[in-house]
Amino acid sequence: MNIQVLPEHKLSSVAPLKQCNVEKKEVELILVKDQNGVQYTNSTIIPTARETWGKKIDFLLSVIGFAVDLANVWRFPYLCYKNGGGAFLIPYILFLVIAGMPLFYMELALGQYNREGAATVWKICPVFKGVGYAVIVIALYVGFYYNVIIAWSLYYLYSSMTAELPWLKCGNSWNSINCTDPQHINASFFDKNTSYANNKFTPASEYYERGVLHLHESKGIQDLGLPRLELTLCLVVVVFILYFSLWKGVKSSGKVWIDAATQIFYSLGAGFGVLIAFSSYNKFDNNCYRDAILTSAVNCITSFVSGFAIFSVLGYMAQKYNMDIKAVATDGPGLVFIIYPEAISTLPGSTFWAIVFFIMLLTLGIDSSMGGMEAVITGLSDDFKFLKRNRKLFTFATAFGTFLMALICVTNGGIYVLTLLDKYAAGTSILFAVLIEAIGVSWFYGVDRFSEDIEQMMGFKPGLYWRLCWKFVSPVFLLFVVIASTVTSSGLKYGDYEFPNGANLLGWGVAMSSMLFVPFYAIYKFFSVRGTFTERIAYCITPECEHHKVAEGNVRQFKVRKTT
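Within each chain, residue numbers correspond to sequence positions counted from 1 in written order. Per-residue local features are limited, in this predicted model, to residues with pLDDT of at least 70; the limit for side-chain atom pairs, both in listing and counting, is 80 or more; totals at the level of whole chains, interfaces and linings are taken over all residues. As a rule here, side-chain values come from all non-hydrogen atoms in the structure, and water together with hydrogens is ignored.

- If you check an unreviewed UniProt entry, the chain appears there as Transporter from Oryzias latipes.
- Reading the Subcellular location (unreviewed entry) entry of the UniProt record for the chain gives the comment "Cell membrane".
- UniProt positions are given in the numbering used here, feature names are shortened, and annotations may be inferred rather than shown by experiment. Its UniProt record gives the chain a comment under Sequence similarities (unreviewed entry), which states: "Belongs to the sodium:neurotransmitter symporter (SNF) (TC 2.A.22) family."

**What to know about the packing of helix α4 (residues 86-114) against helix α10 (residues 288-320)**
- Fitted lines through C-alpha atoms serve as axes, helices being fitted only where they are in contact, and the angles separating the N-to-C directions of these axes extend from 0 to 180 degrees. Think of it this way: any DSSP run of H or I at least four residues long counts as a helix, any run of E at least two long counts as a strand, and we number them from the N terminus. Where α4 meets α10, the axes come as close as 9 Å, and the angle between the chain directions of the two elements is 140 degrees. The chirality of how α4 crosses α10 is right-handed. Facing Leu 89, Tyr 92, Leu 96, Met 101, Phe 104, Tyr 105, Leu 108, Ala 109 and Gln 112 of α4, the residues of α10 in contact are Cys 288, Tyr 289, Asp 291, Ala 292, Ile 293, Thr 295, Ser 296, Cys 300, Ser 303 and Phe 304.
- Just so you know the grouping, Ala, Val, Leu, Ile, Met, Phe, Trp, Tyr, Cys and Pro go in nonpolar, Asp, Glu, Lys and Arg go in charged, and all remaining residues, Gly too, go in polar. Of the residues in the contact of α4 with α10, the class split is 14 nonpolar, 4 polar and 1 charged. Helix crossings are classified by the rotation of the near helix relative to the far one: an anticlockwise turn of less than a right angle makes the crossing left-handed, while a clockwise turn makes it right-handed. Contacts are assigned to residue pairs that have any heavy atoms within 4.5 Å of one another.

**Thoughts on the state of the cysteines**
- Cysteine sulfur pairs qualify as disulfides if the two atoms are within 2.5 Å. Applying the stated rule across the entire model yields 1 disulfide.
- Covalent S-S linkage joins Cys 170 and Cys 179, the inter-sulfur distance amounting to 2.0 Å. On the sign convention where negative means left-handed, the S-S torsion of about -80 degrees between Cys 170 and Cys 179 marks this disulfide as left-handed.
- Take Cys 170: its relative accessible area is 26%, and that puts it in the partly exposed class.
- Exposure remark for Cys 179: the relative accessible area of 13% places this residue in the buried category. In this scheme, a residue with accessible area under 20% of its type's maximum is buried, one over 50% is exposed, and one in between is partly exposed, where area comes from a 1.4 Å probe on protein chains only.

**So, a nonpolar patch on the surface**
- In this analysis, a patch consists of residues with relative accessible area above 30% that form no salt bridge, clustered at 9 Å for like charges and at 5 Å for the nonpolar side chains Val, Leu, Ile, Met, Phe, Trp and Tyr. Areas reported here follow the Shrake-Rupley algorithm with a probe of radius 1.4 Å; residue values treat only the protein chains shown as occluding. By convention in these notes, a salt bridge is any Lys or Arg side-chain nitrogen within 4 Å of a carboxyl oxygen on Asp or Glu. Taken together, the side chains of Trp 443, Phe 444, Leu 464, Leu 468, Phe 472 and Val 473 define a hydrophobic patch exposed on the protein surface, amounting to about 550 Å² of accessible area.
- Per element, the largest residue contribution to the nonpolar patch is 4 residues, and it comes from helix α17 (residues 464-487).
- Along the polypeptide, Leu 464 turns up in helix α17.
- Taking the relative accessible area as the measure of exposure, Leu 464 reaches 54% and is therefore exposed.

**Let's talk about unusual backbone geometry**
- Here Arg 115, not a glycine, exhibits a phi torsion of approximately 55 degrees, which is positive.
- With respect to the helices, strands and loops of the structure, Arg 115 is situated in the loop between α4 and α5 (129-159).
- On the basis of relative accessible area, Arg 115 is assigned to the buried category, the value being 2%.
- Of note, His 214 is a non-glycine position whose phi angle comes to about 55 degrees, a positive value.
- On the secondary structure map, His 214 appears in the loop between α6 (203-212) and α7 (229-246).
- Note on His 214: relative accessible area 16%, which makes it buried.

**What to know about the packing of aromatic side chains**
- The pairing test for Phe, Tyr and Trp rings, Trp by its six-membered ring, is centres within 6.5 Å, and the orientation test on the planes gives stacked under 30 degrees, edge-to-face over 60, and tilted for anything in between. Under the counting rule described, the total for this entry stands at 50 aromatic pairs.
- With centroids separated by 5.9 Å and ring planes inclined at 80 degrees, the aromatic side chains of Tyr 416 and Phe 499 adopt a geometry described as edge-to-face. Of this pair, Tyr 416 sits in helix α15 (residues 414-424) while Phe 499 sits in the loop between β6 (497-498) and α18 (501-515), and the two are 83 residues apart along the sequence.
- For Tyr 416, a relative accessible area of 6% translates into the label buried.
- Among the aromatic residues, ring-to-ring pairing joins Trp 152, Tyr 156, Trp 167, Trp 174, Tyr 207, Tyr 208, Phe 337, Tyr 340, Phe 357 and Phe 358 into one connected group.
- Cation placement over rings: the criterion is NZ of Lys or CZ of Arg within 6 Å of the ring centroid and within 35° of the ring normal. Its end group placed over the ring of Phe 526, Arg 536 keeps NZ or CZ at 5.5 Å from the ring centre.

**A look at the side chain of Glu 206**
- Considering the arrangement of structural elements, one finds Glu 206 in helix α6.
- Among buried Asp, Glu, Lys and Arg side chains, Glu 206 stands out as unpaired, with Arg 210 the closest opposite charge at 4.4 Å.
- Ignoring any residue separated from it by four or fewer positions in sequence, one finds Glu 206 in contact with Trp 174, Asn 175, Ser 176, Asn 178, Cys 179, Lys 200, Phe 201 and Gly 211. In this tally Asp and Glu are treated as negative and Lys and Arg as positive; neither His nor the chain ends contributes.

**Concerning the confidence of the model for the chain**
- What pLDDT expresses is the predictor's confidence in each residue, scored from 0 to 100. Model confidence for the chain is summarised by a mean pLDDT of 84, while 85% of its residues fall at 70 or above.
- With pLDDT under 50 throughout, residues 22-47 is counted as low confidence; its partners more than four residues away or in other chains account for 57 contacts.

**What to know about the environment of Ser 369**
- Checked against the element boundaries, Ser 369 lands in helix α12 (residues 350-383).
- Taking the relative accessible area as the measure of exposure, Ser 369 reaches 7% and is therefore buried.
- Beyond its immediate chain neighbours, meaning those up to four positions away, Ser 369 contacts Tyr 146, Asn 147, Ile 150 and Leu 242.

Below, the structure is given as structure tokens:
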């Protein structure tokens, strides 16, 4: 038997076997082809290669697709208008530079170097593994209601395939006796406390709330009713699309300041575990610094462009009904399922434009939802190997589980549940998770060591700006935003309906259910290791590959640097 050593380039996509970044090893018999046929090497211990993206563009499009979502269309333009227009861009760009991009870069580098999902990536500092579980839970919560919004888009797409759009006129079976033709509406139709945007009696508004949601059949969040058949079928289609896109893996697939900060993190997607999951499938020497700059820029430019598109439509509506633009400006589902469809219905070739618009909503929603589900699947399958061995079954179970939980949002009062989840599931909790993540990487694992990891991948260390942001600026900023968002939180409302106190308490329970993973896991980790108090602390904050040094009393974090 001839013995042949594999050339180095054969393992180019596998991380170098040095420091802590060593993947689990197994014994394999390597086949090597040459001109003389097939030769067998001896049994060789090699690292098992993690699946990687088929092409670099697949990764970039997946990250951009996740980051550019419905929030770019229905949230950013309205926040910009509500908070002073151009004045809003000052805190928005500031927070993008000092927090959004640095933490986006951090997550890409963290996942790419360690080649793990959101939970197991904390082998670098085990006490913070609860952060990984927290972001996985948040991603699940968001998936519960985000898929419902995609199902609404699918329903609207199907309804658009008619000669006359169903929300154009009154007189349909779902309309009330108060339905008012838009031609009879102008500025004098409203008093100082109402506006066109919150008028419930236009054909478009009644189609959304009465024809699609059947909201008039619910008395509030305590009166949900049964799932609507049409929306349930649309939800089934969405879940099947997600499953067949993911089952094979990645190869197939002041208040102004608080608003600006929340929009940055929600839009860029830091803190959901998705960036860590996606980047963990990169080749080890991929330039994630360039990727972070590129994708952040594309996301923000998309927000600006969508703002121009949205407000051109709102301006058209305001001129059409002879009223101020503030009367038609709104955000959230009301913008994309009421105001925008109504504007489209008045255009020549309205059916075509409606189909194009709702296809756009579908694509924006689907790739973002795929990212969230991939974060859950990668995060848990990396932690529990039996799930990785049965990825298809686990993907199906995850998709089916989100479907079952989403059914509550396609009931008559489902919009109330969706509104509650939208506010509490990924608001303060996602900011808290990113804050703890930044502290764990920068202060416990260490900025210097993290910079050395990046140098090992790309051949250069991050500049002083990035290191200062990671260690000081971003954590302080996030701490301020978490406190401010908690203190300024108010009771939940949907239109004129005010949620009962019990619903707000339930919402905070949803938020806490993810955040509590951080302290609970830290306590569990401390008591699960053996040794003295100091040794337990050392085991908790020392990378798993260096636990042998704890027994030797050689703990890097306990050492004081001496200057000469």
